[in-house]
Amino acid sequence: MLTQITEGVLVHESEFCQSNTVVVRGRDGVLLIDPGIHGDELACLANDLSDLGQTVVAGFSTHPHWDHLLWHSALGAAPRYSTAVCAATAEDRLSGGVDAVAKAAGIPELVPLDLLGLITGLPAGTAQIPWDGPRVRIIEHPAHAPGHAALLIEERGVLVAGDMLSDVLIPMLDLNGTADPIEDYLTALRLLEGVAGDVDVVVPGHGSVGGADHVHARIDQDRAYLHALRDGQDPSDPRVGPSARPGWEWVVNVHAGQLQRLARRSERDGTRD
């Protein structure tokens, strides 16, 4: 079911990890951001748009993780965009075949994979999505995944944050492809903080939609978590503490894994010195 969060912007929430698909109305159709997740949900999304008399004229993937690279034939053959780095990363990861990716990532069987990752990278430095609708600014940064982008729908005051600024997920670092994942994430938070004054609604990739008062609060919470990691401390964060939401206990394991891998990095780098 589509829920309107402000004029011309709607959200569909999936049962899978509270994933959010964002729909932006344009002149001749809609822009679809990170559609997902299960096949019946994508088909329902297509039906809901049809009932509204809307066709999809463009898509956008915020980053190259499988749950943000999905599509369904019922959504049509509109161009699907991403940053150049995101598209190159997705192409590389899919070079061994979709089945190999599905097995490695543990993608649920209910997820349609026939159109996975068929995206076009926009030229490096592209400032906005090319489509006939409200201006959507691309805020590219290196946090969480290569070529990650947040999107600011300027005329609507909506920040589509990708896999950041969540009330249920901690900052999940890219520990594979970057020399300083914590600083990369802090840099991204500074970029988002720079536009926060223009934001009335924030939509995370996973979690609850928030109002203007949540934007700075979530930035501050994520920054505090990262500062604790950087200082070698175990963060005091409700998302991984006793008050973590039921069903989200797995985030505690992600957190523990990040602590362990960062500790190994620190030990390795110290040995090299």
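Residues numbered from 1 in each chain as written. Predicted model: local features only at pLDDT ≥ 70, side-chain atom pairs only at ≥ 80, totals over all residues. Heavy atoms only, no water.

**Q** Residue-level account of the pattern of salt bridges, with values.
**A** Within the structure shown, the criterion is met by ten salt bridges. For glutamate 193, the salt bridge identified is with arginine 223, shortest N-O distance 2.9 Å. Taken together, the residues glutamate 193 in helix α4 (residues 181-195) and arginine 223 in helix α5 (residues 212-230) connect sequence positions 30 residues apart. Within the structure, one salt-bridge network assembled from shared partners comprises Arg135, Arg137 and Glu154. (Salt bridge = Lys/Arg side-chain N within 4 Å of Asp/Glu carboxyl O. Helix = DSSP H or I, 4+ residues; strand = E, 2+ residues; numbered from the N terminus.)

**Q** Can you break down empty space enclosed by the protein residue by residue, with the values?
**A** Evaluation of the coordinates by the stated rule reveals three cavities of 30 Å³ or more. Lining the largest cavity we find His144, Asp163, Met164, Leu165, Ser166, Leu169, Ile170, Pro171, Met172, Tyr185 and Asp222. Broken down by class, the residue content of the lining of the largest cavity amounts to seven nonpolar, two polar and two charged. Its volume calculated, the second largest cavity comes out at about 40 Å³. (1 Å grid on protein atoms, 1.4 Å probe; cavity = no way out; pocket = protein on both sides within 12 Å on 5 of 7 lines; lining within 4 Å. Points joined across faces, edges and corners; volume = space filled by probe spheres on them. Nonpolar A, V, L, I, M, F, W, Y, C, P; charged D, E, K, R; others polar.)

**Q** Report on the nonpolar core, specifying residues and quantitative values.
**A** Formed by 33 residues in total, the largest nonpolar core has its most connected members in Leu159, Met164, Leu165, Leu173, Leu192 and Leu226. If you list the elements that add at least two residues to this core, you get β9 (148-153), α4, α5 and α6 (250-272). Take this core: its biggest share by element is seven residues, from α4. In this structure, Val22, Leu31, Ala149 and Val158 belong to the second largest nonpolar core, which totals 21 residues. (Core = buried A, V, L, I, M, F, W, Y, C linked by side-chain atoms within 4.5 Å. Buried < 20%, exposed > 50% of the residue type's maximum accessible area, 1.4 Å probe, protein only.)

**Q** Got a sec to walk through the sheet that holds strand β7 (residues 120-121)? Specific residues and values, please.
**A** On the basis of which strands lie adjacent, the open sheet formed by seven strands has the order β1-β2-β3-β4-β5-β6-β7 and mixed pairing. Only two strands of the sheet have a single partner each, and these edge strands are β1 (2-6) and β7. Taken together, the five bridges between strand β2 (residues 9-13) and strand β3 (residues 20-25) define a ladder with antiparallel strand orientation. Note that in β3 the partner of valine 11 across the bridge is valine 22. (Pairing = 2+ DSSP bridges.)

**Q** Describe the sheet that holds strand β8 (residues 136-141), naming the residues involved and giving the relevant values.
**A** Taken together, five strands build an open sheet; the order of strands is β8-β9-β10-β11-β12 and the sheet is mixed. What marks the edges here is a single partner per strand, and that holds for β8 and β12 (210-211). In the sheet, strand β10 (residues 158-160) pairs with strand β11 (residues 201-203) via three bridges, with the strands oriented parallel. Residue pairing across strands places leucine 159 opposite valine 202, the latter belonging to β11. Against the sheet, α4 contacts β8, β9 and β10, and its axis sits at roughly 155° relative to β8. (Contact = heavy atoms within 4.5 Å. Axes fitted to C-alpha atoms, helices over the stretch in contact; angles between N-to-C directions.)

**Q** Account for the pairing of β2, with residues named and values stated.
**A** In terms of residue burial, β2 counts as a mostly covered element, since four of its five residues are buried. With four bridges joining them, β1 and β2 adopt antiparallel strand pairing. If you follow threonine 6 over to β2, its bridge partner there is valine 9. Between β1 and β2, which follow one another and run antiparallel, lie two residues, and glycine 8 among them has a positive phi close to 75°. In this structure, the hairpin formed by β2 and β3 is closed by a connection of six residues, where cysteine 17 is found at a positive phi of approximately 55°.

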